[in-house]
Amino acid sequence: MWVRCALWGARAGSQLQSGVLAPCRRHGGAASYSASAQASRVRALIYGSHGDPAKVIELKNLELAAVGGSDVHVKMLAAPINPSDINMIQGNYGLLPKLPAVGGNEGVGQVEAVGCRVTRLKPGDWVIPANAGLGTWQTEAVFSEKALIQVPNDIPLQSAATLGVNPCTAYRMLVDFEQLKPGDSVIQNASNSGVGQAVIQIAAALGLRTINVVRDRPDIQKLMDRLKDLGAEHVITEEELRKPEAKNLFKNTPQPRLALNCVGGKSSTELLRHLAPGGTMVTYGGMAKQPVTAPVSLLIFKDLKLRGFWLSQWKKDHSPDEFQGLILTLCDLIHRGQLTAPACSEVPLQDYQRALEASMEPFVSSKQILTM
Ligand SMILES: NC(=O)c1ccc[n+]([C@@H]2O[C@H](COP(=O)([O-])OP(=O)(O)OC[C@H]3O[C@@H](n4cnc5c(N)ncnc54)[C@H](OP(=O)(O)O)[C@@H]3O)[C@@H](O)[C@H]2O)c1
């Protein structure tokens, strides 16, 4: 039996195939057909070479391709600009797509239609990328079903758009490296980053206490108050952490056995100094573009462990079902009001230049989210 198999979608670099609907064979037989359908106009942020995002990213119209039986037509709703998106465009990330490519590794879309062999998704569902490199900065697209993970569509849009990378990273780092129990503490730098805000909230939900290091700025009190509202126990500047009085922090808070390093350079050396003997520092970002330097004495006399984390590697080492499970655990926290989206600024897709610039500025403290 042949089943008429929808539909329209957009693929970067694909040709407009006016009116072609993909045939779908369920139980043998041989036939094919074509029919007319209206193609919608897709706009996408595309780069054809690596370099400064402000120079190489362009807003272009994409041509549409028919949707195959295992494909899903998705209307993108919102997609953030993360440092990894910028690094990917610059050409200095651990995973680079073939060029030309649509930018954006993260975001949420709504399923418009599904091919006839799609079993897990239906129109109206919300989906996020299963892996990095999908190209989320576009108004709509056709993806294969296995490239997508469903998320509940009753969570806030900003939470869904920013769920698949930073909160997942925060959760894994908090539970996979040290066996912490309620009352234990964790220290981190760049605590106002997307990951940092997720760490604060997930740690609080797990009963862990956090010591949060941030860079000083003119309106530091405002930032400290915001992070404390999220559940941070201590918020301290890089400069304060270097002073001898920083030891006072540990009069009432246990020394951390886990440090989460987003920065590198001197900032990470300071985290190491405050770790408990035998503790672990997990490096997941290198915002200062400086190497991690570990004093020999800390390695010998405190036996500290230096580890790294990359979510893309975690996904390679785990099944899609385990990733879906992680997403559902985080959605439970969202439903319970224990995990909110990072501070965000929504920017319409056509104003992408403004959003790209803001995403690379220091001290902005607001995740840029492109809305479609
Ligand atoms: N390994 C993984 O699997 C994984 C997963 C997710 C994210 N990441 C990485 O984690 C990092 C943060 O990502 P995000 O999306 O959370 O970032 P984000 O929300 O854009 O925040 C960036 C953070 O970096 C800080 N920062 C920027 N330049 C800095 C510098 N020169 N020195 C010290 N701090 C600096 C900012 O602090 P100010 O406010 O002071 O500017 C801010 O706290 C990125 O490196 C990203 O690639 C890694």
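Residues numbered from 1 in each chain as written. Predicted model: local features only at pLDDT ≥ 70, side-chain atom pairs only at ≥ 80, totals over all residues. Heavy atoms only, no water.

**Q** Before we move on, can you summarise the overall build of the chain with the specific residues and values?
**A** Within the chain one finds 12 helices and 20 strands. Within the chain, buried positions represent 52% of all 372 residues. As displayed, the chain has an accessible area near 16700 Å², and 51% of this comes from carbon and sulfur atoms. (Helix = DSSP H or I, 4+ residues; strand = E, 2+ residues; numbered from the N terminus. Buried < 20%, exposed > 50% of the residue type's maximum accessible area, 1.4 Å probe, protein only. Areas by Shrake-Rupley, 256 points an atom, 1.4 Å probe, with all protein chains shown as cover.)

**Q** Residue-level account of the packing of helix α5 (residues 194-205) against helix α6 (residues 220-230), with values.
**A** Running from N to C, α5 and α6 point in directions that differ by 40°, and their axes come no closer than 8 Å. Judged by the inter-axis angle, α5 sits oblique to α6. For the pair formed by α5 and α6, the contact residues are Gln197, Ile200 and Gln201 on the first element and Arg226, Leu227 and Leu230 on the second. Tallied by class, residues from the contact of α5 with α6 come to 3 nonpolar, 2 polar and 1 charged. (Axes fitted to C-alpha atoms, helices over the stretch in contact; angles between N-to-C directions. Parallel < 35°, antiparallel > 145°, perpendicular 65-115°, else oblique. Contact = heavy atoms within 4.5 Å. Nonpolar A, V, L, I, M, F, W, Y, C, P; charged D, E, K, R; others polar.)

**Q** Which residues make up the site of the ligand, and what are the values?
**A** Taken together, the neighbourhood of the ligand is formed by 26 residues, with Asn192, Gly194, Leu311, Phe363 and Lys367 sitting nearest. Separating an oxygen atom of the ligand from a side-chain N or O atom of Lys367 is a distance of 2.7 Å. In isolation the ligand exposes 930 Å². Once the protein is present, 85% of that is buried. Elements that contribute at least two residues to the shell around the ligand include exactly α4 (166-176) and α5. Taken together, the residues of the shell around the ligand break down into 14 nonpolar, 9 polar and 3 charged. (Near = heavy atom within 4 Å. Polar contact = N/O pair within 3.5 Å; in protein donor to acceptor, adjacent residues only side chain to side chain.)

**Q** Please give an account of the packing of aromatic side chains that cites residues and values.
**A** Per the stated rule, a full pass over the model turns up 2 aromatic pairs. Here the aromatic rings of Tyr93 and Trp310 are separated by 6.0 Å at their centres, their planes lie at 75°, and the arrangement is edge-to-face. Of this pair, Tyr93 sits in the loop between α2 (83-90) and β8 (101-102) while Trp310 sits in the loop between β18 (305-308) and α10 (311-317); the two residues are 217 residues apart in sequence, bridging distant segments of the chain. We classify Trp310 as partly exposed; its relative accessible area is 30%. Geometrically, the ring pair formed by Phe177 and Phe309 is edge-to-face, given 6.3 Å between the ring centres and 85° between the ring planes. Note that Phe177 is positioned in the loop between α4 and β13 (185-188) and Phe309 in the loop between β18 and α10, a separation of 132 residues in sequence. The exposure class of Phe177 is buried, given its relative accessible area of 16%. (Phe/Tyr/Trp six-rings, centres within 6.5 Å; stacked < 30°, edge-to-face > 60°.)

Geometric values such as these leave the question of function open.
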